[in-house]
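# Summary of structural features
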Amino acid sequence: MRIPRIYTNSALAQGSTAELDDNAAQHVGRVLRMQAGQELLLFNGDGNDYPATISSASKKNVEVQVGTPEANTTESPLEIVLGQTLSKGDRMDYAVQKAVEMGVTRIVPLTTERCDVKLKGDREDKRLRHWQSVAISAAEQCGRARVPEILPVMTVSEWLEHSRDCEVRLVLHHRTEHALKSIIPPERVALMIGPEGGLSPEEIAHAEKEGFLPVALGPRVLRTETAPVAAMALCQWLWGDIGG
């Protein structure tokens with residue numbers, strides 16, 4: 001039986017007894033129904049995996065005995081910052097989940113001219129918590145020891161300013177002849193993904209003026225939730241840790 005990987009924001013140290021935070025404890029105790037004596041593999045974002053044995057468990061509280069930490073080597077040397085335009089229903093969930101699997105560093109939800117999703121106040125907070133939960137589950141599943149952060153929703157102008165620390169900044173645009181393979185390998189890349197109707201000409205021009213390079217992934221138009229997966233897979237293959 002596969003040992004479950006569980007994210008916790010609790011402090012973990014070799015040889016200590018740790019109490020899992022509420023979300024992790026409920027998942028272990030209520031969903032997985034694990035009992036004392038069973039093994040877990042914990043991680044808290046510090047880059048290590050922590051083998052652990054449950055010492056006590058209920059539906060709300062779980063205590064574990066922490067073993068010797070093991071360095072996790074699943075993180076890519078390429079940092080990817082994703083600016084993903086908001087989309088309806090489970091399409092945004094899919095984009096977040098697959099971006100984590102592809103090794104994204106952080107995700108910034110964007111609101112653009114043709115975006116048909118509006119989030120404000122409590123509704124935005126709720127969706128951000130939900131997407132962070134999706135990211136945690138994806139990290140648990142794919143073996144990562146770090147969980148990408150989901151930042152608050154930004155406008156295009158805010159995103160262009162936020163991504164200035166990236167050496168290479170790309171805006172996906174199927175009506176261009178630029179290709180990824182022509183770019184000098186970076187250590188940090190920003191990707192800007194538009195909505196179903198695409199970014200407006202003004203938004204693309206604004207991004208280009210701020211240093212973004214328009215790139216095409218191929219002759220076909222990709223959906224907004226497919227584009228980041230394809231783009232990140234190619235970036236990781238060219239400059240990261242896929243196919244190496």
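About the thresholds
Residues numbered from 1 in each chain as written. Predicted model: local features only at pLDDT ≥ 70, side-chain atom pairs only at ≥ 80, totals over all residues. Heavy atoms only, no water. UniProt positions renumbered as here; feature names shortened; annotations may be inferred. Core = buried A, V, L, I, M, F, W, Y, C linked by side-chain atoms within 4.5 Å. Buried < 20%, exposed > 50% of the residue type's maximum accessible area, 1.4 Å probe, protein only. Helix = DSSP H or I, 4+ residues; strand = E, 2+ residues; numbered from the N terminus. Contact = heavy atoms within 4.5 Å. Polar contact = N/O pair within 3.5 Å; in protein donor to acceptor, adjacent residues only side chain to side chain. Patch = residues over 30% accessible without salt bridge, like charges linked within 9 Å, V, L, I, M, F, W, Y side chains within 5 Å. Areas by Shrake-Rupley, 256 points an atom, 1.4 Å probe, with all protein chains shown as cover. Salt bridge = Lys/Arg side-chain N within 4 Å of Asp/Glu carboxyl O. Lys, Arg positive; Asp, Glu negative; His and termini not counted. Charge placed at Lys NZ, Arg CZ, Asp CG, Glu CD.

Going by what an unreviewed UniProt entry lists, the protein is known as Ribosomal RNA small subunit methyltransferase E and is assigned to Marinobacter adhaerens. If you open the UniProt record of the protein and go to Catalytic activity (unreviewed entry), you find "uridine(1498) in 16S rRNA + S-adenosyl-L-methionine = N(3)-methyluridine(1498) in 16S rRNA + S-adenosyl-L-homocysteine + H(+)".

We now examine the nonpolar core. Ranked by internal contacts, the top residues of the largest apolar core, which has 36 residues, are Ile-80, Leu-82, Leu-86, Val-104, Trp-131, Leu-170 and Leu-191. Listing elements by their share of this core, those giving two or more residues are strand S7 (79–85), helix H2 (90–101), helix H3 (121–142), strand S11 (168–172), strand S12 (188–193) and helix H6 (227–239). With 6 residues, H3 is the single largest residue contributor to this core. When near neighbours in sequence (up to four residues on either side) are disregarded, Trp-131 contacts Leu-86, Met-92, Asp-93, Val-96, Pro-109, Leu-119 and Ile-150.

Let us look at the side chain of Arg-5. Following the sequence through the fold, Arg-5 ends up in strand S1 (residues 5–7). Residue class for Arg-5 comes out buried when judged on its relative accessible area of 10%. Of note is the side chain of Arg-5, whose polar atom sits 3.1 Å from the backbone oxygen of Ala-139. Once residues lying within four places of it in the same chain are set aside, the contact partners of Arg-5 are Leu-41, Phe-43, Asp-49, Asn-72, Ala-139, Glu-140, Gly-143, Arg-144 and Ala-145.

A grouping of Arg-30, Arg-33, Lys-59 and Lys-60 is seen on the molecular surface, where their side chains present a positively charged patch. For Arg-33, the location among the structural elements is in the loop between helix H1 (22–31) and strand S3 (39–43). When its relative accessible area of 65% is taken as the criterion, Arg-33 is described as exposed.

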